[in-house]
Amino acid sequence: MVPHLITALTGPINELEQRVLESMPAIERWFRLEWMEHTPPFYTSVDIRNAGFKLAPVDTDLFPHGFNHLTAEMLPLAVQAAMAAIEKICPEAKNLLLIPAQGVRDSFYLSNLQRLVRIFHQAGLNVRLGSLDPDIERPRKIKLPDGGELTLEPLQRQRGRLGLKDFDPCTILLNDGLAAGVPKPLAGLHEQYLLPPLHAGWGVRRKSRHFHSYEEVAKKFAKLLGMDPWLINPMAAHCGRVDFDSAEGRECVRGNAEAVLTKIRRKYKEYGINEKPFVVVKADSGSGGAGIMTVRDPKELDHLGERTRARMRALPDGRLVTEVIIQEGVPTYERINDAVAEPVVVMIDRYVVGGYYRVHAELGADEILSGPGSRFVPLAFAESHHLPRLGEKPGVSAPNRFYMYGVIGRLAMLAASYELEATDPNAETVE
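Residues numbered from 1 in each chain as written. Predicted model: local features only at pLDDT ≥ 70, side-chain atom pairs only at ≥ 80, totals over all residues. Heavy atoms only, no water.

A. Expanded view of the state of the cysteines. One pass over the full model with this rule turns up two disulfides. A sulfur-sulfur distance of 1.9 Å marks the disulfide that ties C90 to C170. Across the S-S bond of C90 and C170 the torsion is about 130°, and the bridge reads as right-handed. One end of the pair, C90, is in the loop between α3 (75–89) and β4 (95–99); the other, C170, is in the loop between β9 (161–163) and β10 (171–174), and 80 residues separate them in sequence. Here C90 and C170 have matching classes, each one buried. A sulfur-sulfur distance of 2.2 Å marks the disulfide that ties C239 to C252. Because the torsion about its S-S bond is -95°, the bridge between C239 and C252 counts as left-handed. Of this pair, C239 sits in strand β12 (residues 236–239) while C252 sits in helix α6 (residues 251–271), and the two are 13 residues apart along the sequence. Once the disulfide-bonded cysteines of the protein are ranked by sequence position, their pairing pattern turns out to be 1-2, 3-4. (Disulfide = S-S within 2.5 Å. Helix = DSSP H or I, 4+ residues; strand = E, 2+ residues; numbered from the N terminus. Buried < 20%, exposed > 50% of the residue type's maximum accessible area, 1.4 Å probe, protein only.)

Structure, rendered in structure tokens:
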């Protein structure tokens with residue numbers, strides 16, 4: 001099943017699909033050479049928007065929570081990728097300490113943890129869950145929707161090592177985005193592998209830096225294929241000092257919104273796109289879908305209502321929004337049973353292990369789909385034996401379309417690698 005595109009199936013997205021498939025050997029070699037020079041994040045998920053006239057990532061998560069949305073057919077790929085990742089980092093590893101997100105107990109997230117435990121257990125590791133929650137002073141069992149259960153245990157710090165009672169892990173896997181900074185138990189762990197590294201957390205990481213790195217990657221890739229990088233790259237700008245409660249504090253946002261909208265109009269005119277451009281203003285650090293607003297006319301910023309200002313002033317966890325990224329809005333014209341959908345590609349190490357659609361029946365093509373009411377549908381590369389089918393007419397083969405999504409996902413993952421190298425406090429200076 002190829003997702004339904006409202007746009008005509010004879011546009012740039014199909015031309016891009018055809019060019020990607022024809023260039024597959026060159027693309028795979030290019031990725032192979034890049035991974036010889038750069039280290040992929042341990043695991044990644046990438047939200048992608050398919051506008052019919054462009055295909056671009058809009059968010060890259062280095063602490064992904066969607067493994068429960070992968071079908072059982074995808075699991076062998078995930079297990080093999082997990083084996084490859086662990087062998088590179090700690091070949092002798094037998095124990096893995098998985099640290100969940102603090103304060104998240106909804107059924108979707110618990111099912112995600114259950115799936116992660118299963119993947120790494122089948123990769124040959126003893127997996128136990130250690131909680132950063134100070135209220136967990138003894139092992140606590142949590143019931144799961146399918147009748148199973150997970151056990152959360154209190155962390156134990158012994159000098160430079162972190163573990164559990166009678167459990168000393170070689171490797172610690174974080175599934176918490178560290179938006180509030182580095183928790184005390186995780187500081188100074190120099191004797192164990194901490195994945196992802198602490199500087200991948202949102203206390204340090206910024207979306208604007210990620211998309212700056214992605215722009216660099218997109219230009220390299222576009223040169224390889226002889227194409228316009230805009231077709232895979234969302235334009236963006238950054239404001240470092242923002243106050244949504246004052247006109248002066250919003251001036252930077254207004255100026256950059258106007259500049260990005262002008263660039264989008266130029267591109268729309270170049271490609272004959274009859275759409276009204278928009279930008280998305282987002283908190284520059286991880287926000288869990290909060291701290292986001294859509295702007296179609298910069299004048300809207302002069303008359304923000306109290307509800308909008310409150311939403312943009314602070315995130316649900318209390319962090320103030322002082323930095324924002326102003327990103328080109330990429331509409332999504334994919335539909336699953338007439339509901340708006342966007343693909344999410346999931347990777348472990350440098351391998352695509354599957355994906356799913358985020359679907360929302362009540363929102364439009366230009367709206368953020370990660371809010372309440374969204375549901376999830378596995379991508380068609382659930383059938384992992386489906387390799388791309390060369391020679392197929394563009395737009396009719398699900399494996400071909402999903403190969404293209406995987407390429408875009410890997411480009412975003414490579415950009416995250418560039419980004420982490422540039423922000424690693426222990427890395428050599430990158431020229």
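B. Up close: the pairing of strand β7 (residues 149–154). Sheet topology note: the strand β5 (residues 126–131)/β7 ladder contains three bridges and is parallel. By the bridge assignment, G130 is partnered in β7 with E153. Where strand β6 (residues 140–143) lies against β7, four bridges are found, and the strand directions are antiparallel. Looking across to β7, one finds that K141 is bridged to T151. (Pairing = 2+ DSSP bridges.)

C. Focus on the sheet that holds β7. Here six strands make up an open sheet; going across it, the order is β6-β7-β5-β4-β10-β11 and the pairing mixed. Every interior strand has two partners, whereas the edge strands, β6 and β11 (193–195), have only one. This sheet shows a mean twist of 30° between the axes of neighbouring strands, independent of strand direction. (Axes fitted to C-alpha atoms, helices over the stretch in contact; angles between N-to-C directions.)

D. Layout of the sheet that holds strand β13 (residues 279–283). An order of β12-β15-β13-β14 is seen for the four strands of this open sheet, with the pairing classed as antiparallel. Edge positions in the sheet fall to β12 and β14 (292–295), since each has one partner strand and no second. On average, adjacent strands in this sheet sit at an angle of 20° to one another, irrespective of strand direction. Two elements, β13 and strand β15 (residues 324–328), share five bridges in a ladder whose sense is antiparallel. Residue pairing for β15: V281 is matched across the bridge by I326. With respect to the sheet, α6 is in contact with β12, β13, β14 and β15, its orientation differing from that of β12 by roughly 175°. (Contact = heavy atoms within 4.5 Å.)

E. Structural view of the packing of helix α2 (residues 24–37) against helix α5 (residues 207–225). Remark: α2 packs on α5, axes separated minimally by 11 Å, with the N-to-C direction vectors making an angle of 145°. α5 is crossed by α2, and the crossing has right-handed handedness. Here A26, I27, W30 and E34 of α2 lie close against α5, whose contacting residues are V217, K220, F221, L224 and L225. Looking at the contact of α2 with α5, its residues break down into seven nonpolar, no polar and two charged. (Left-handed = near helix turned anticlockwise from the far one by under 90°. Nonpolar A, V, L, I, M, F, W, Y, C, P; charged D, E, K, R; others polar.)

Geometry only, nothing functional implied.
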